[in-house]
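# Descriptive structure summary
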Amino acid sequence: MTNNPDKKTVSDSRNTVTPTLAIDHLSVSIDKKQIVADMSLNVTVGQWTCIIGPNGAGKSTFLKALAGILKSEGSLKVDGNDLRGFSEKDRACWIGYVAQDPVFPRGMRVFDYVMLGRTAHLNLLASETSMDTAMTELVLRDLDLIDFSHRDVASLSGGERQRVAIARALAQASPFILLDEPTTALDVGHQQEVLELIDRLRAERKIAVISTMHDLTVSGMYTDHLVLMSQGRSTVSGSPQEVLTSENIKAHYKVDVDIIDNAGFPMVLPRRNAQ
Amino acid sequence: MHTATATRISRKTWVLSAVAVCVTLIVGVCIGAVAIPPGDVIAEIGNHIPFTHHSTQPSLNSTIIWQLRLPRVILALVVGSMLATAGCSYQGTFRNPLADPYLLGVSAGAGLGATVAIVSQHSVAHWVLPIASFAGALIAVALTYSLGRSALVGRSSTALVLAGVAVANLLTAIQTLVQQRNAEKIREVYAWVLGRLNTAGWGDVRLVTPYIAICLIVLLRYRRVLDIFAVGDEEALTLGLPVNQARAAVIIAASLGTAAAVSVTGLIGFVGIIVPHILRLIVGNSYRVLMPLSLIFGGVFLVLADVIARTALAPQEIPIGVVTALIGAPFFLYILGSRRSADLT
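Residues numbered from 1 in each chain as written. Chains lettered and ligands numbered in written order. Predicted model: local features only at pLDDT ≥ 70, side-chain atom pairs only at ≥ 80, totals over all residues.

### Some thoughts on the overall build of chain A
A tally of regular secondary structure across chain A gives 10 helices and 12 strands. Computed over C-alpha atoms, the radius of gyration of chain A comes to 19 Å, within 12% of the 19 Å expected from 2.2 N^0.38 for 275 residues, which places it in the range of a compact globule. With the principal axes as the frame, chain A shows a C-alpha extent of 65 × 40 × 40 Å. Per-residue burial over chain A gives 44% buried out of 275 residues. (Helix = DSSP H or I, 4+ residues; strand = E, 2+ residues; numbered from the N terminus. Rg over C-alpha atoms; globule rule 2.2 N^0.38 Å. Buried ≥ 20, exposed ≤ 12 C-beta atoms within 10 Å, placed from the backbone.)

### A look at the overall build of chain B
Within chain B one finds 14 helices and 0 strands. Along the chain direction, N to C, the helices and strands of chain B fall in the order α-α-α-α-α-α-α-α-α-α-α-α-α-α. Counting over 345 residues, chain B shows a buried share of 51%. Within chain B, contacts between residues at least 6 apart in sequence are counted, and of these 78% link residues at least 24 apart. (Contact = placed C-beta atoms within 7 Å.)

### Overview of the interface of chain A and chain B
How big an interface is tends to be stated in terms of accessible area lost as the parts join. Taken together, the contacts link 33 residues of chain A with 27 residues of chain B. For the side of chain A that touches chain B, the secondary-structure elements that each account for two or more residues are α3 (88-94), α4 (110-115) and α5 (130-142) of chain A. Split into classes, the residues belonging to the side of chain A that touches chain B amount to 17 nonpolar, 9 polar and 7 charged. (Nonpolar A, V, L, I, M, F, W, Y, C, P; charged D, E, K, R; others polar.)

### Here we look at the sheet that holds strand β10 (residues 233-238) of chain A
Residue and element names in this part refer to chain A. An order of β6-β7-β8-β3-β9-β10 is seen for the 6 strands of this open sheet, with the pairing classed as mixed. A strand with exactly one partner marks an edge of an open sheet, and here the two such strands are β6 (95-98) and β10. Sheet twist, expressed as the mean angle between neighbouring strand axes with direction ignored, is 20 degrees. Relative to strand β8 (residues 208-212), strand β7 (residues 176-180) runs parallel, the two sharing 5 bridges. Bridging across to β8, leucine 178 finds its partner in isoleucine 210. Its contacts with the sheet place helix α6 (residues 158-172) against β6 and β7, and it is angled at close to 170 degrees to β6. (Pairing = 2+ DSSP bridges. Axes fitted to C-alpha atoms, helices over the stretch in contact; angles between N-to-C directions.)

### Digging into the packing of α5(A) against α6(A)
Two packed helices can be described by the angle between their axes and the distance between those axes. Residue and element names in this part refer to chain A. With their axes 9 Å apart at the nearest point, α5 and α6 run at an angle of 140 degrees to one another. Relative to α6, α5 is oriented oblique. Handedness of the crossing formed by α5 with α6: right-handed. Residue-level inspection shows Met135, Thr136, Val139 and Leu140 of α5 in contact with α6, the latter providing Ala167, Leu170 and Ala171. Class assignment of the residues belonging to the contact of α5 with α6 gives a composition of 6 nonpolar, 1 polar and no charged. (Parallel < 35°, antiparallel > 145°, perpendicular 65-115°, else oblique. Left-handed = near helix turned anticlockwise from the far one by under 90°.)

### Comments concerning the pairing of strand β11 (residues 257-262) of chain A
All names here are of chain A. For β11, the tally of buried residues reaches only 0 of 6 residues, placing the bulk of the element at the surface. Inspection of the sheet shows β11 paired to strand β12 (residues 265-270) by 6 bridges, in the antiparallel sense. Following the sheet pairing, valine 257 is matched in β12 by proline 270. Hairpin connection, β11 to β12: the antiparallel pair is bridged by 2 residues, and alanine 263 has positive phi, about 50 degrees.

### What about the sheet that holds strand β2 (residues 33-44) of chain A?
Residue and element names in this part refer to chain A. Strands sit in the order β2-β1-β4-β5 across an open sheet of 4 strands; the sheet is antiparallel. Strands at the two margins of the open sheet, each flanked by one partner only, are β2 and β5 (81-82). Taken together, the 8 bridges between strand β1 (residues 20-30) and β2 define a ladder with antiparallel strand orientation. From the neighbouring strand, threonine 20 faces β2, where its bridge partner is threonine 44. Contacting β1 and β2, helix α2 (residues 59-67) runs over the sheet at an angle of about 65 degrees to β2.

### Observations concerning the confidence of the model for chain B
Residue and element names in this part refer to chain B. When the pLDDT values of chain B are averaged, the result is 83; 85% of them are 70 or greater. A low-confidence stretch, residues 341-345 stays under pLDDT 50, and its non-local contacts, those more than four residues away or across chains, total 8 contacts. The ipTM for the predicted assembly is 0.89, set against a pTM of 0.86. (pLDDT = per-residue confidence, 0-100.)

Listed below in structure tokens is the structure:
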């Protein structure tokens with residue numbers, strides 16, 4: 001219970017010391033096959049770190065290990081404590097997770113779905129208090145979802161679903177949020193809407209965001225820190241300008257690209273080889 | 001529904017439920033070989049405190065009400081509540097709208113457990129039956145769950161039901177074999193295979209009510225947790241739910257309750273699927289609403305089914321298990337058909 005960031009002593013320290021997620025030589029194996037190897041990364045609140053890399057590089061597996069879904073080896077510490085020693089409840093108080101393809105159960109109302117985020121703050125057999133419903137309502141208002149409260153989550157469109165899923169992670173009120181491909185299923189308009197939302201929340205709420213993303217240009221526009229994963233390993237990491245170079249992309253994606261400077265952001269433009 | 005609130009049971013629904021229970025109780029006591037006017041029933045019940053009903057000169061109606069009808073109606077109420085709540089609990093933990101104690105083989109397992117207990121002793125101590133049933137029930141649910149997950153194609157909920165049918169058949173076959181080898185006990189055993197409420201006296205009610213009450217209280221407390229299961233194990237885990245521990249607790253409580261019910265009434269199928277499903281159509285899929293209402297209307301349903309069992313072919317009685325199967329099997333097929341394309345995953 002001392003690991004719960006909601007507890008007074010810890011939350012006091014949160015005001016002075018910024019909580020850090022320290023990942024050191026983290027490896028993940030599934031069926032004895034190593035999927036993620038030697039990943040090291042430090043994340044502080046207020047930062048947006050983005051994991052990029054070709055398909056099968058182990059990006060989702062890495063996030064699942066951070067979320068506690070998959071077992072991992074190596075060091076995974078939050079404020080000096082090993083996350084894997086935490087109870088499910090305590091871990092969820094630190095780390096929120098939005099899956100790549102979240103489950104939206106038919107017949108579940110948006111309000112109830114978002115309120116599931118309060119699970120981490122409730123004892124197993126307790127019911128939600130008026131504070132939990134108030135928190136849920138606040139998040140729904142903040143994300144302009146309040147008029148959707150009564151809607152069936154299964155009936156929402158792609159963009160609405162993504163916002164509802166993020167709302168649930170916010171109701172969980174954990175300082176670290178993992179987003180697995182938050183924009184894959186969205187058109188360019190909704191993609192931007194969701195990314196702007198994440199960016200605003202990270203700044204306003206002092207949340208650390210770790211996301212995976214496919215679109216290289218977009219990942220460079222929104223995030224502070226890029227990690228290029230390839231074959232389970234972190235190959236290059238740093239600012240978008242450092243990571244998004246045609247050499248790096250050629251080496252790991254096996255494709256020729258031009259990098260164009262777009263108002264300070266590197267824009268990745270695939271080049272079609274003449275047949 | 002215009003304000004932003006969590007799903008909960010409205011006051012209107014609570015009142016309707018209370019009325020339904022009262023009316024059902026009175027109907028259940030009134031109807032039978034001797035019709036008793038509702039006024040007499042209410043007066044009679046008003047005059048008594050349960051379990052201290054040895055008045056000096058009991059009237060005929062009084063005897064019928066207290067010795068025959070009321071214990072039977074109460075037993076149906078308790079068992080129906082348990083079966084419907086257990087069905088609802090299995091549906092939540094397995095994320096499968098077709099789960100039911102009967103279809104998962106839990107009832108058959110409990111039946112086998114009790115049969116073994118009956119034949120292996122000269123006179124079975126009363127309290128042994130629920131425990132033997134419980135052991136059988138747990139073995140059955142474990143078998144069904146592991147078969148449904150591994151042998152058959154991953155996520156389809158029909159796979160679980162198919163596994164349940166196979167397990168139920170296997171256990172029933174073993175039970176029949178055990179029964180055959182012990183012909184002298186055959187009558188005692190046979191009464192249950194079809195499900196019965198007719199030998200019910202206060203003794204049966206007293207035997208199972210404590211088990212069932214505890215299980216129902218535990219299961220009701222898990223109703224919020226059942227809603228978390230709906231998002232799948234991985235997401236539930238990241239929300240802070242100790243998934244395996246919670247699932248085990250729900251399955252054990254639901255199986256223990258089912259076993260207790262089966263140990264006195266025998267195999268009564270489909271209550272756990274009919275009642276929650278009708279409720280889903282009316283109040284939606286949230287277990288925090290479904291669980292209490294399944295408890296209430298499971299009881300109501302079984303009392304009414306028992307009235308049909310007593311009256312349809314009067315003076316003969318139809319076994320209650322036959323009545324619920326006659327209503328339930330077509331209903332099950334209907335759900336299977338209507339859900340096939342929608343959300344059977």
